[in-house]
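Coordinates in review
Below are the chains, spelled out letter by letter.
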Amino acid sequence: MDLARRRQRCATGRGRTRKLERTALDRRTCAEYLSTPSQSRTTSQPMNTADTTIGILGLGLVGQALATRLKACGYPVAGCDPSPAAQTAAQAAGVQVTASATALARQCEAVIICVLDDAALLACANAVADAPGKTVLVLSCVTASVQATQDAASLLERHHIAFADMPLLGSSRQIAQGEALGLLGADEAVPGGWSKLLSDLCPRYRHVGPRAYGVRAKLACNLVLGLNRVALAEGLALATTLGLDGTRFLELLRESPAYSRAVDVAGPRMVARDFSPASRIRQHRKDLALILEQGDQAGLDLTLTAAHAALLDGAIEDGLGDLDNAAVIAAILPHHPKPNPDGKPL
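Before going into details, it helps to say that this report is about the structure given with it. (Residues numbered from 1 in each chain as written. Predicted model: local features only at pLDDT ≥ 70, side-chain atom pairs only at ≥ 80, totals over all residues. Heavy atoms only, no water.)

As a further point, take the overall build of the protein. For the protein, the count of helices and strands is 16 helices and 9 strands. Going through the 346 residues of the protein one by one, you find that 50% of them count as buried. A fraction of 72% describes how many contacts in the protein between residues 6 or more apart in sequence connect residues 24 or more apart. Carbon and sulfur atoms provide 53% of the accessible area of the protein, an area that totals close to 15,500 Å². (Helix = DSSP H or I, 4+ residues; strand = E, 2+ residues; numbered from the N terminus. Buried < 20%, exposed > 50% of the residue type's maximum accessible area, 1.4 Å probe, protein only. Contact = heavy atoms within 4.5 Å. Areas by Shrake-Rupley, 256 points an atom, 1.4 Å probe, with all protein chains shown as cover.)

Here strand 4 (residues 110-113) shows two buried faces, one formed by A110 and I112 and the other by V111 and I113. Pairing between strand 1 (residues 54-57) and strand 4: 4 bridges, direction parallel. Looking at strand 4, one finds that G55 is bridged to V111. The pairing of strand 4 with strand 5 (residues 137-140) spans 4 bridges and is classified as parallel. Each bridged residue has a counterpart across the sheet, and for I113 the counterpart in strand 5 is S140. (Pairing = 2+ DSSP bridges.)

Attention now goes to the side chain of H308. Structurally, H308 is set in helix 16 (residues 303-317). Judged by relative accessible area, which is 5%, H308 ranks as buried. Sequence-distant contacts of H308, defined by excluding residues within four places in its chain, comprise G226, L227, V230, H284 and L288.

Turning our eyes to something else, we now look at the packing of aromatic side chains. Under the defined criterion, the tally for this structure stands at 0 aromatic pairs. Here R216 stacks its cationic end above the ring of Y213, 4.4 Å away from the centre of that ring. (Phe/Tyr/Trp six-rings, centres within 6.5 Å; stacked < 30°, edge-to-face > 60°. Lys NZ or Arg CZ within 6 Å of the ring centre and 35° of its normal.)

This part is about the packing of helix 11 (residues 213-241) against helix 12 (residues 246-254). Geometrically, a packed helix pair is captured by the angle between its two axes and the distance between the axes. Between helix 11 and helix 12, whose axes approach to 10 Å, the crossing angle comes to 130°. The angle between the axes of helix 11 and helix 12 places the two elements in the oblique class. Read as a crossing pair, helix 11 and helix 12 show a hand that is right-handed. Contacts between helix 11 and helix 12 involve L232, G235, L236, A239 and T240 from the first element and G246, F249, L250 and L253 from the second. The residue inventory of the contact of helix 11 with helix 12, partitioned by class, reads 6 nonpolar, 3 polar and no charged. (Axes fitted to C-alpha atoms, helices over the stretch in contact; angles between N-to-C directions. Parallel < 35°, antiparallel > 145°, perpendicular 65-115°, else oblique. Left-handed = near helix turned anticlockwise from the far one by under 90°. Nonpolar A, V, L, I, M, F, W, Y, C, P; charged D, E, K, R; others polar.)

So, about the environment of A85. By the secondary structure assignment, A85 is in helix 4 (residues 84-92). Take A85: its relative accessible area is 56%, and that puts it in the exposed class. The sequence separation of A85 and L59 amounts to 26 residues, and the corresponding C-alpha distance is 9.4 Å.

Here the focus is helix 12. Within helix 12 the residues assigned to the buried category are G246, F249, L250 and L253. Along the axis of helix 12, the buried positions cluster into a sector of 105°, meaning they face one direction only. Of the residues in helix 12, the exposed ones pointing more than 90 degrees away from the buried face are R248 and L252. Buried residues along helix 12 sit against helix 11, helix 13 (262-265) and helix 14 (267-272). (Arc of directions from axis to C-beta.)

L232, M270, F275, L320, V328 and I329 are the most contacted members of the largest nonpolar core, which has 38 residues in total. Within the residue set of this core, elements represented by two or more residues are helix 11, helix 12, helix 13, helix 15 (281-298) and helix 16. Tallying contributions element by element places helix 11 first for this core, with 9 residues. Residues contacting V328, with those up to four places away along its chain left out, are V230, A233, M270, I281, L311 and L312. (Core = buried A, V, L, I, M, F, W, Y, C linked by side-chain atoms within 4.5 Å.)

A few words now on helix 15. Here helix 15 is 18 residues long and its end C-alpha atoms lie 26 Å apart, about the 26 Å a rise of 1.5 Å per residue gives. Among the residues making up helix 15, those that are buried are I281, H284, R285, K286, D287, L288, A289, L290, I291, L292 and G295. Of the residues flanking the end of helix 15, it is G299, one or two places downstream, whose phi is positive at about 75°. (Expected span 1.5 Å × (residues − 1).)

This part covers the pattern of salt bridges. Counted according to the given criterion, the structure contains 9 salt bridges. Put simply, E157 and R211 hold a salt bridge, and the shortest N to O gap is 2.2 Å. Taken together, the residues E157 in helix 7 (residues 146-158) and R211 in the loop between strand 9 (204-209) and helix 11 connect sequence positions 54 residues apart. Note that R269 and D324 form a salt bridge whose closest N and O atoms lie 3.0 Å from each other. Here R269, found in helix 14, pairs with D324, found in the segment after helix 16; they are 55 residues apart in sequence, far enough to count as distant. (Salt bridge = Lys/Arg side-chain N within 4 Å of Asp/Glu carboxyl O.)

Dropping the structure here:
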């Protein structure tokens, strides 16, 4: 992509974002999450022990990482996902795969939602709310809009199911290893009654406020995180085209005021051209759409984030959307060979 086109993308990034329709499950896929008509529900107290079966709706990168984490802590884990590939991977990890969200809610006191977007979050909330089950807590790890998170909370609480949102800062590898930072938005009763589950799930969680404050904090953090990563990619691209060794340049950054954790997390992958997905460019682009929408509502001109969104649009057009976020450097370097489809080094 030449410089003129890139500048034009930056200038029009905000307009394109306003027009962007958030990625959503189609009607058929959403319907697969939905359950049978509601019946009376008998609530119970949280068991808060390691033999409590935990359900996971959505078995993608984050859902599988959380399942791995919970299994390591000794919890029985059940999961549901319309993707056969996700089902197979989850079964291989020892997850009991259920046919529907209805079946999941019937057997799990706590259900974690790990889907991609607003539409899927609301579909899952409806499924759990209508299921004749014993679920008493729903924990959303979805980076969703504030409004959709609030709507899901209100829906579930009308059915006497507690709700909390705890989106996670970190790659799927960091989540599985318990190294991610959880941003918990919940009433005080949730961290009090479910402290063991929350601590096992994410030892580094922080209670940032009431419901829907987790996603507020996640969107603001993701803005900074994404810009740190793309700034690193631009700096590393410049350094290597000027003849500097990439690994030695990362060492210099670690000793300089320009250091950020992106240097340690994304830097080595950029140097090695290892873009196998622990996160995905397409998913971060979805997050940027939410961030820009919230910025517009607040009257903020998020110029750098709009430019970042335009850069990711170009990366997606170039076929990099399903690779790791570190692959953004491939959208910056001129005449760089296209990475392998699986993101592994050439």
